[in-house]
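Listed here are the chains, written in short residue letters.
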Amino acid sequence: MNTIAVFGGTGKQGGSVIDALLSRGAHVRALVRSPESDRARALAGRGVELARVEIDDATSLSAALRGAEAFFLMTTPAGHTLADAEGETRQGVALVDAAVAAAVPHVVFSSVGGAERDSGVPHFESKRRVEEHLERSGPRATIVRPVAFMENFAFLAPTVEDGVLVLRMPLPDHIPLQLIAVRDIGRISAAFLLDAAKAPDGAVEIAGDERTGSQMAAAFGAHAGLPARYEALPLEVLGDNADGRAMFRWFAETPAYRADLAAVRAIEPAVQDLPAWIRTSGWTLDARVG
Ligand SMILES: NC(=O)c1ccc[n+]([C@@H]2O[C@H](COP(=O)([O-])OP(=O)(O)OC[C@H]3O[C@@H](n4cnc5c(N)ncnc54)[C@H](OP(=O)(O)O)[C@@H]3O)[C@@H](O)[C@H]2O)c1
C-alpha cells in the first residue's frame, strides 16, 4: 500500500489530514519530533507509522520521507513575532528540500488564503516564501490556502450577557469573513494526496462559509436558543501583537479572503458552513471545542 507522509499530524491541520486519510484506508507515516508524546502515541494506536524528525536535521527529514507517495506539510510560527515568521519559512524550506531529496512525487502544502496577494501580514508572507520555494524546487506541488479556521471560536468565544449571546472581534460588522472547518482542510488535502490527478497543479483557496460578525453571532445564538449581537472591537485590543493587528487590518480590506465557495463545494460536497460546524464540532457555550 502506498504511504502518505504527514508533517504536523499531532496538531489541528495535520491531525485532520490523518483522520481523512485513515477513513479512506490509507497508510500514513507521521513525521513527529516526539514519538513518545501522548498525541503521537494516540496516532500510533490508530495504525499510523511514526518517524522521528528534527527540523534542523535534513537527513532525518529526508529519511522519514523515503518511499512516500505524497507528502502533506504545514508550517507554523511559534509565537507570532517577526523572528518566528522567519523560523516558519525555514521550517517550510527544510521540509520542501527533504521532499526533493527523497524524490516524493507529490507535495501538498497548507499555506493561507491570500498568501500570494501581498497582504503584508508577517505570518502570511512567511508562508508565501515557502510557496515560492516549493514552486521553484520542482516536485509536483499543490498549495491549499485555508481561510480563517472555525476552530478559532475556541478563543474568540461568544459570551452570554443578560441572556444575550455576544460575539466580539476586532473586525467591523459590515465586513464578511470567510471561514473553514479544520476537518475540511483535512478532507480536501487528503483527496489531493490520494489522487494527484484530481489535485490542481497550482493553488486553491478553500472556505466553507462567509459571514459578517452579526451573521456569525446569529449562527451561535440560533444554536444556543438565545438572541445574539455582535460588537466590533478596535484593533487596539490586540495590544503589541503587530502580526495579529496586520491580519485584522487586512481582513477589514474587502475582499480579504477570496475562496470560490462553489468551487470548493465541487471538490468536497460535504464542506461545512458555520451552523454545520457548530452542530457537529461539539461546540456549546459551556464546553467550547479546543
Ligand atoms: N487559525 C487560523 O484561522 C488559520 C488560518 C489559516 C492558516 N493558519 C495557519 O495554520 C498554522 C497552524 O496550523 P495548526 O493549527 O494545525 O497548528 P497546531 O495545531 O499548532 O499544530 C502544529 C503542528 O506542527 C508540529 N510542529 C511544530 N514545530 C515542529 C517541529 N519543529 N518539529 C516537528 N513538528 C513540529 C507540532 O508538533 P508537536 O505536537 O510536537 O508540537 C504540531 O503537530 C499556522 O501557520 C497558521 O498561520 C491558521
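Residues numbered from 1 in each chain as written. Predicted model: local features only at pLDDT ≥ 70, side-chain atom pairs only at ≥ 80, totals over all residues. Heavy atoms only, no water.

Caption draft 1: A look at the overall build of the protein. Helix and strand content of the protein: ten helices and 13 strands. For the protein, whose C-alpha radius of gyration is 19 Å, the value lies close to the compact-globule estimate of 19 Å for 290 residues. Structurally, the protein occupies a C-alpha span of about 60 × 35 × 35 Å along its principal axes. Buried residues in the protein amount to 51% of all 290 residues. Considering only intrachain contacts with a sequence separation of at least 6, the fraction spanning at least 24 residues in the protein is 75%. Carbon together with sulfur atoms contributes 50% to the accessible area of the protein, which is approximately 12600 Å² in total. (Helix = DSSP H or I, 4+ residues; strand = E, 2+ residues; numbered from the N terminus. Rg over C-alpha atoms; globule rule 2.2 N^0.38 Å. Buried < 20%, exposed > 50% of the residue type's maximum accessible area, 1.4 Å probe, protein only. Contact = heavy atoms within 4.5 Å. Areas by Shrake-Rupley, 256 points an atom, 1.4 Å probe, with all protein chains shown as cover.)

Caption draft 2: Expanded view of the layout of surface pockets. A volume near 540 Å³ is recorded for the second largest pocket. Along the walls of the second largest pocket sit 22 residues, with Lys12, Gly15, Ser16, Asp19 and Val182 positioned nearest its centre. Among the elements of the structure, α1 (12–23), α2 (38–45), α6 (182–194) and α10 (274–280) are those that each provide at least two residues to the lining of the second largest pocket. Counting residues per element, the lining of the second largest pocket draws most heavily on α1, which supplies five residues. (1 Å grid on protein atoms, 1.4 Å probe; cavity = no way out; pocket = protein on both sides within 12 Å on 5 of 7 lines; lining within 4 Å. Points joined across faces, edges and corners; volume = space filled by probe spheres on them.)

Caption draft 3: Looking closely at the packing of α1 against α6. Direction vectors running N to C along α1 and α6 enclose 55 degrees, while the axes themselves pass 7 Å from each other. Looking at the two axes, α1 sits oblique to α6. Considering the relative orientation of α1 and α6, their crossing is right-handed. Across the interface between the two elements, Lys12, Gln13, Ser16, Val17, Ala20 and Leu21 from α1 touch Val182, Arg183, Ile185, Gly186, Arg187, Ser189, Ala190, Leu193 and Leu194 from α6. Residue composition of the contact of α1 with α6, by class: eight nonpolar, four polar and three charged. (Axes fitted to C-alpha atoms, helices over the stretch in contact; angles between N-to-C directions. Parallel < 35°, antiparallel > 145°, perpendicular 65-115°, else oblique. Left-handed = near helix turned anticlockwise from the far one by under 90°. Nonpolar A, V, L, I, M, F, W, Y, C, P; charged D, E, K, R; others polar.)

Caption draft 4: Region of interest: the environment of Val107. Tracing the chain through its elements places Val107 in strand β5 (residues 106–110). Sequence-wise, Val107 and Val96 are eleven residues apart; in three dimensions their C-alpha atoms are separated by 8.1 Å. When neighbours within four sequence positions are excluded, Val107 is seen to be in contact with Phe71, Leu73, Ala99, Leu134, Pro139, Arg140, Ala141 and Thr142.

Caption draft 5: Region of interest: the site of the ligand. In the vicinity of the ligand there are 24 residues, among which Thr10, Gln13, Thr75, Lys127 and Asn152 approach most closely. Within the side chain of Arg33, an N or O atom sits 2.8 Å from an oxygen atom of the ligand. Gln91 places a side-chain nitrogen or oxygen 3.3 Å from a nitrogen atom of the ligand. Burial of the ligand by the surrounding chains reaches 79%, relative to a free accessible area of 940 Å². If you list the elements that add at least two residues to the shell around the ligand, you get α1, α4 (82–101), α5 (122–137) and β7 (148–149). The class makeup of the residues in the shell around the ligand is nine nonpolar, eleven polar and four charged. (Near = heavy atom within 4 Å. Polar contact = N/O pair within 3.5 Å; in protein donor to acceptor, adjacent residues only side chain to side chain.)

Caption draft 6: The arrangement of the side chain of Thr89 in detail. By secondary structure assignment, the location of Thr89 is in helix α4. For Thr89, a relative accessible area of 12% corresponds to the buried category. The contacts of Thr89, once residues within four sequence positions are left out, are Ser126, Arg129 and Val130.

Caption draft 7: Spatial organisation of α5. Between its first and last C-alpha atoms α5 spans 23 Å; for 16 residues at 1.5 Å apiece the expected length is 22 Å, and the two agree. Just beyond α5, the residue with positive phi is Gly138, at close to 110 degrees. (Expected span 1.5 Å × (residues − 1).)

Caption draft 8: Spotlight on the sheet that holds β7. Read from one edge of the open sheet, three strands run β7-β10-β12, paired in mixed fashion. Here the strands that pair on one side only, and so sit at the sheet edges, are β7 and β12 (209–211). Looking at chain direction, strand β10 (residues 177–180) and β12 are connected through three bridges and run antiparallel. Among the inter-strand pairings, Leu179 is bridged to a residue of β12, identified as Asp209. Its contacts with the sheet put helix α7 (residues 213–224) on β10 and β12, and the angle it makes with β12 is roughly 110 degrees. (Pairing = 2+ DSSP bridges.)

Caption draft 9: Representation of the side chain of Ser62. Here Ser62 shows up in helix α3 (residues 58–65). On the accessibility criterion, Ser62 (10% relative accessible area) is buried. Setting aside chain neighbours within four positions, we find Ser62 in contact with Ala98, Ala101 and Ala102.

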